[in-house]
Amino acid sequence: MPEITTIFSTTRPYKDVSLTFARNVVTSDVVTVSGADAVKRSIKLLLMSRAGETPFFPEFGSRIFTLLFEPIDPITTVLLQHEIQATIAAYEPRVNIRQLTATPSSDEHGYNVDCLFTIVNQVAPVTLTLYLSRLR
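Residues numbered from 1 in each chain as written. Predicted model: local features only at pLDDT ≥ 70, side-chain atom pairs only at ≥ 80, totals over all residues. Heavy atoms only, no water.

**Student:** Give a description of empty space enclosed by the protein that names residues and reports values.
**Tutor:** To find the voids left in a structure, one rolls a probe of water-molecule size over its atoms. Within the structure shown, the criterion is met by one cavity of 30 Å³ or more. There is about 30 Å³ of room inside the largest cavity. Considering the residues around the largest cavity, the lining is formed by Ile-43, Leu-47, Ile-84, Ile-88, Leu-100, Val-113, Cys-115, Leu-128 and Leu-130. Secondary-structure elements contributing two or more residues to the lining of the largest cavity are helix H1 (36–48), helix H3 (74–91), strand E4 (110–119) and strand E5 (125–133). For the lining of the largest cavity, the per-class residue count stands at nine nonpolar, no polar and no charged. (1 Å grid on protein atoms, 1.4 Å probe; cavity = no way out; pocket = protein on both sides within 12 Å on 5 of 7 lines; lining within 4 Å. Points joined across faces, edges and corners; volume = space filled by probe spheres on them. Helix = DSSP H or I, 4+ residues; strand = E, 2+ residues; numbered from the N terminus. Nonpolar A, V, L, I, M, F, W, Y, C, P; charged D, E, K, R; others polar.)

**Student:** Lay out the sheet that holds E4 with the relevant residues and their values.
**Tutor:** Taken in spatial order, the three strands line up as E3-E4-E5 in an open sheet, and their pairing is antiparallel. Two strands close off the open sheet at either side, each with one partner strand: strand E3 (95–105) and E5. Going across the sheet, the axis of each strand differs from the next one's by a mean of 15 degrees, ignoring polarity. Against the sheet, H1 makes contact with E3, E4 and E5, and its axis sits at roughly 30 degrees relative to E5, the strand it touches most. Each of E3, E4 and E5 is contacted by H3, which is oriented at about 150 degrees to E3, the strand it contacts most. (Pairing = 2+ DSSP bridges. Axes fitted to C-alpha atoms, helices over the stretch in contact; angles between N-to-C directions. Contact = heavy atoms within 4.5 Å.)

**Student:** Tell me about the pairing of E4, and name the residues and values.
**Tutor:** Among the ten residues that make up E4, seven are buried, leaving the element largely enclosed by the rest of the structure. Here E3 runs beside E4; their pairing, made up of ten bridges, is antiparallel. Bridging from a neighbouring strand, Ala-102 pairs with Val-113 of E4. Between the antiparallel neighbours E3 and E4 lie four residues, among them His-109 with a positive phi of about 55 degrees. The loop that links E4 with its antiparallel partner E5 comprises five residues; one of these, Asn-121, has a positive phi angle of about 70 degrees. (Buried < 20%, exposed > 50% of the residue type's maximum accessible area, 1.4 Å probe, protein only.)

**Student:** Just give me the short version of the layout of surface pockets, but keep the residues and values in it.
**Tutor:** Estimated volume of the largest pocket: approximately 160 Å³. Lining the largest pocket are Asp-16, Val-17, Leu-19, Arg-41, Ser-42, Leu-45, Leu-46, Phe-60, Tyr-91 and Glu-92. Only strand E1 (15–17) and H1 provide two or more residues apiece to the lining of the largest pocket. With four residues, H1 is the single largest residue contributor to the lining of the largest pocket.

Now the structure itself:
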């Protein structure tokens, strides 16, 4: 009897409501964002939310804003990378981080963050680029 070597994988379409709250002209419902864009938006919201800012969920968010007021040096850069990785690992189970780099920009008093990750059950890597500064 021949052996069947088929791998079944299920892909879940990730959906999120668009922050523009525009109306879909066909369905008259709120416009949605799906796929990698929805996951990127979720990560950005997670990193831009300060810990304790969300009512009834005080642990949600990150503590990267406290690091942005520290001197821009290699130690702060490493601490910032660890905080970003820990926050994403704790609150975003759909993501596997492949590479995370934070490049200090001392002229602009901030960091350029490049995050290369894969979404669970998807092969193609996704890149998210953020600029973190002292001002929000």
